[in-house]
Amino acid sequence: MNQSLFETELEPQTNQVAESSPSWQPLESVHRRVLGVLIEKAKTTPDSYPLTLNSITTACNQKSNRKPQMQLEAEDVTQALDDLRELGAVIEVHGDGRVTKFRHQAYEWLGVNKVELAVLAELLLRGEQTVGELRGRAARMEAIKDLSELRPILASLGQKGLLLELTPPGRGQVVTHGLYPDDQRPAPPRQTTEQAPRAPHDSIGAPAPPVAAPVAAPVAAPASSGEEIENLRRELRDLAERVAAIESRLGD
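Given the structure is predicted, the values throughout are model-derived calculations rather than measurements.

1. Concerning the overall build of the chain
Within the chain one finds eight helices and seven strands. Buried residues in the chain amount to 38% of all 252 residues. Per element, the accessible surface of the chain, about 14,700 Å² overall, is 53% carbon and sulfur.

2. Quick word on a nonpolar patch on the surface
A contiguous nonpolar patch, built from Leu236, Leu239 and Val243 and spanning about 280 Å² of accessible area, is present on the exposed surface. Along the chain, the position of Leu239 falls in helix 8 (residues 225–251). We classify Leu239 as partly exposed; its relative accessible area is 48%.

3. Side note on helix 5 (residues 114–126)
With 13 residues, helix 5 extends 19 Å from end C-alpha to end C-alpha; this agrees with the ideal 18 Å at 1.5 Å per step. Of all 13 residues in helix 5, 13 are buried; the element is thus mostly enclosed. Regarding helix 5, its N-cap is Asn113, as a side-chain oxygen of that residue lies 3.1 Å from the backbone nitrogen of Val115 further along. Looking one or two residues past helix 5, Gly127 carries a phi angle of roughly 75 degrees, positive in sign.

4. Observations regarding the environment of Pro22
Looking at the secondary structure, you find Pro22 in the loop between strand 1 (2–4) and helix 1 (29–44). Among the residues examined, Pro22 registers a relative accessible area of 45% and is labelled partly exposed. With residues near it in sequence (within four places) discarded, Pro22 still touches Glu108, Trp109, Leu110 and Gly111.

5. A few points about the nonpolar core
Residues Val34, Leu35, Ile56, Leu110 and Val119 are the most contacted members of the largest nonpolar core, which totals 48 residues. Of all the secondary-structure elements, those providing two or more residues to this core are helix 1, helix 2 (53–61), helix 3 (74–87), helix 4 (106–110), helix 5, helix 6 (131–138) and helix 7 (147–159). In terms of residue count, the dominant contributor to this core is helix 5 (nine residues). Residues in contact with Leu110, not counting those within four places in the same chain, are Pro22, Trp24, Leu117, Leu120, Leu162 and Leu179.

6. Remarks on helix 2
Buried residues of helix 2: Ile56, Thr57, Ala59, Cys60 and Asn61, and no others. Buried positions along helix 2 lie against helix 1, strand 2 (51–52), helix 3 and strand 4 (100–104).

What counts, and at which threshold
Residues numbered from 1 in each chain as written. Predicted model: local features only at pLDDT ≥ 70, side-chain atom pairs only at ≥ 80, totals over all residues. Heavy atoms only, no water. Helix = DSSP H or I, 4+ residues; strand = E, 2+ residues; numbered from the N terminus. Buried < 20%, exposed > 50% of the residue type's maximum accessible area, 1.4 Å probe, protein only. Areas by Shrake-Rupley, 256 points an atom, 1.4 Å probe, with all protein chains shown as cover. Patch = residues over 30% accessible without salt bridge, like charges linked within 9 Å, V, L, I, M, F, W, Y side chains within 5 Å. Salt bridge = Lys/Arg side-chain N within 4 Å of Asp/Glu carboxyl O. Expected span 1.5 Å × (residues − 1). Polar contact = N/O pair within 3.5 Å; in protein donor to acceptor, adjacent residues only side chain to side chain. Contact = heavy atoms within 4.5 Å. Core = buried A, V, L, I, M, F, W, Y, C linked by side-chain atoms within 4.5 Å.

Spelled out as structure tokens, the structure:
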């Protein structure tokens, strides 16, 4: 789909969700990177948006705010753009007729508002991260003053299937986007001591299941008095042999 550069839509000025029905589907890694770049640059550098193929390729390969690092060629980005156009997530626009540019249609394609899209862009560009990290990074695109303001946004994305919880809610919770194909979904990281236990009804988008009480580890039966005495004797004999060996070396 081609469109005049001067007919491109501006980003919504409110947080209202796009009216059209979302049509999103899982994306491969290069497609996620390209779409994330288009969303990011539309918000952070609007004067240079829409983007040329070269600009998109450079932004995909930049070192900052990208995980994993990629080294894409223009051919890789071109193929991803063609695929995203067929899906309805990206359109091609023309201005002076000399260079082709591209812009996203993520609001309509995903069915999200402007703040939700900023959060998704950071997840598309960096993958799984803690909620605290996500707030700080997404705030460079849209104002999110604290975690209490971010939580309802995450809940809304979770209800739409666009956000995955990799660890239970609480300190250090890790989340990611829901655009992974089934065979590429990241596994939950190992729980650390900093991870707070899940509290009922504290889940993003759904009540949490009850937490099972921890099962106490079996305690070994104490040794009998006779066994303890024999163990002590054995340790004393070993110690005496070591002392004798040291004295012998000192005497030599």
